[in-house]
Structure formats: structure tokens, C-alpha cells
Amino acid sequence: MLAQTQLLTLCGQLFFFCTGIFQPFLFGFQLIDLSLQQIFALLEEKGVCSARSLEKYAAEGELETYWFLDGVERGHKYCLEGFLFPDTYDFYENSTPKAALEKMLDGFEYRVNDKLREQIPVLNERLSEMMRKNGESEEFIAENQFDIRDVVNVASLIERETASNQESYQIASVIYNRLFNWGSTPAFLNIDASIIYAQGGDAEHIDTKLDSPYNPYLCEGLPAGPICNPGLATIRAALYPEETEYYYYVARKNGWHFFAETNAEHEANILRATEE
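**Student:** Explain the pattern of salt bridges to me, using residue names and the numbers behind them.
**Tutor:** Note on pairing: side chains with opposite charge can pair once their charged atoms come close. Scanning the entire structure with this criterion turns up six salt bridges. E138 is the partner of R132 in a salt bridge, and the nearest nitrogen-oxygen pair spans 2.9 Å. What makes E138 partly exposed here is its relative accessible area of 47%.

Pasting the structure below:
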């Protein structure tokens, strides 16, 4: 059987032989729940363009103006993390990195529409009220207003933590409660998926002592940036979190979670999860 890249090349050659016009082959595939590292590797595997060229262009290349990239610091190969919208896309073989990246950025701009964008200040009102009830100063509240990158950051954590969209809103609630409504308890999120991201995807061992701004066991607040490219369901969950008193959750064997309000309940849930 011919390899996919060989087949794509032959299709292009056949079109040229019949018409005298070279037309790169167009094909489609899904990009779902992936980090930039994984997306770039997959695009290279499929013959769209090399991972190296994508990394370089993401860091330094000229892109169209996107409202959601306002304030995003370029210069790093993964600086667009969170904004390459997961969907099914059609790509040309041997495309340019600019075309490939902008196709996925266009996807984010199309999907995260004005209605969702207008929810950001509404979310900030809700979070501000949480912070006031937690005894925070107005200065602290002003410094912790969310922008779209913060929302995507939360959504990326939800994306990697939840097995069901039904639980996404509860996971979001836990994250916001820990960040802004936990009394004097330090705002450590303790989300293993963020450490796995910092370890380059290695999930064999979770190093909770890892010196990284993506280690939520050592760094309070959100990780330094999104840890994957979240879909619409988890972006919505980050914008419309459920209102709960949950501060803990533990994964069950079926991928769902037990949620708890207190550490004592959480310890009991851990035992329940291991006995399932």
C-alpha cells in the first residue's frame, strides 16, 4: 500500500499530467485536544509543512490581526498555545506555515464569537464579587481581571482534566473557587495535567517539585499559559462556571470525578475511587 505522502504526490502529478496545471492535493483531518507541539508534529507527519517551520513562523512570522492575540508576547515557538482552534480542517500538501497557522487562528475567531466575547466582563463581575467576599482589596481585584488568554488558560486545564462536557462546568467552578474564594488558603491548583505539559507530555512520573511556571503545586494561580488548545465546550465552561462550593475533585476509574467541599470529604472520595 502506498504511504499517504506518496499517494498525495501521485495525485498531484496525475492532475498535472491531465491538465498541465499543478494543483497541490487537498485533504482534511481532525485536530482535537492537542498542544502546539502535538499539532506541529501531526502537520509535519501529514505533509502539510515541517514542525520546525511552524515553530519559527509562530514565534516570528507576520500574522493577520486577531483581537485575541492582542497582548500575547511573540518570540517563543509555542506562544500561540491555546488559540489554534480544534476542528476538522482541509490542508494542502506542502502548504506554508502562515497559511496553516492562520487557518486554525481563523477557526478560533469564527467560533469564539461576539456573544462569547461579551461574556468576559460578565465573568469578571462574578469573579470580582467572589474576591470581595474573600476579603480582597479593590487593588487586588483590579489586578486580577480576566482577559481572553486567562479564559483560554482555564479552558485548557478543563480540557485536559475532564472526561465529559457535563463535568466541565464543575471543574471550572473548582478552579475559580481555589483561585479567588478559598479564604487564606494559598491558591494552588494542583492540576497534574499542567506538570505533564511542562514535562513535554511525559505522564509516566508527575514531578510536583519541578521548577517550572507550569507547576501548580509550587506556583499559585494559573500556569504561565494555556497547556493545550481547548474546544468550544470547555471555553464555554470557563466563561459560564457552575456555582458550587467545591474545592476538590478526584478521578474515578471511568474517567468521571468525585467532587468535594472539604479536605475530609476529598480524602473519603479518594478511598471511594480506589475501591471502585
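**Student:** Residues and numbers for the packing of aromatic side chains, please.
**Tutor:** The relation between two aromatic rings is expressed through the spacing of the ring centres and the mutual angle of the planes. Enumeration over the complete set of coordinates arrives at 15 aromatic pairs. For the ring pair Y89 and F91, a centre distance of 6.0 Å and an interplane angle of 50 degrees mean the geometry is tilted. Residue Y89 is classed as buried on the basis of its relative accessible area of 7%. A residue is classified by how much of its surface remains accessible, and F91, at 1% relative accessible area, is buried. The ring of F91 carries K103 above its face, with NZ or CZ at 6.0 Å from the centroid. R272 extends its terminal NZ or CZ atom over the ring of F258, reaching a point 3.7 Å from the ring centre.

**Student:** Give a description of the layout of surface pockets that names residues and reports values.
**Tutor:** For the largest pocket, the calculated volume is near 470 Å³. Lining the largest pocket are 23 residues, with Y78, E81, Y197, Y214 and P226 sitting closest to its centre. Elements that contribute at least two residues to the lining of the largest pocket include exactly α2 (36-45), α8 (148-161) and α10 (192-198). The element that contributes the greatest number of residues to the lining of the largest pocket is α10, accounting for four residues. Split by residue class, the lining of the largest pocket holds ten nonpolar, seven polar and six charged. Empty space within the second largest pocket amounts to approximately 380 Å³. Along the walls of the second largest pocket sit 17 residues, with E161, N190, Y217, Y249 and V250 positioned nearest its centre.

Rules used in this analysis
- Residues numbered from 1 in each chain as written.
- Predicted model: local features only at pLDDT ≥ 70, side-chain atom pairs only at ≥ 80, totals over all residues.
- Heavy atoms only, no water.
- Salt bridge = Lys/Arg side-chain N within 4 Å of Asp/Glu carboxyl O.
- Buried < 20%, exposed > 50% of the residue type's maximum accessible area, 1.4 Å probe, protein only.
- Phe/Tyr/Trp six-rings, centres within 6.5 Å; stacked < 30°, edge-to-face > 60°.
- Lys NZ or Arg CZ within 6 Å of the ring centre and 35° of its normal.
- 1 Å grid on protein atoms, 1.4 Å probe; cavity = no way out; pocket = protein on both sides within 12 Å on 5 of 7 lines; lining within 4 Å.
- Points joined across faces, edges and corners; volume = space filled by probe spheres on them.
- Helix = DSSP H or I, 4+ residues; strand = E, 2+ residues; numbered from the N terminus.
- Nonpolar A, V, L, I, M, F, W, Y, C, P; charged D, E, K, R; others polar.

Geometric values such as these leave the question of function open.
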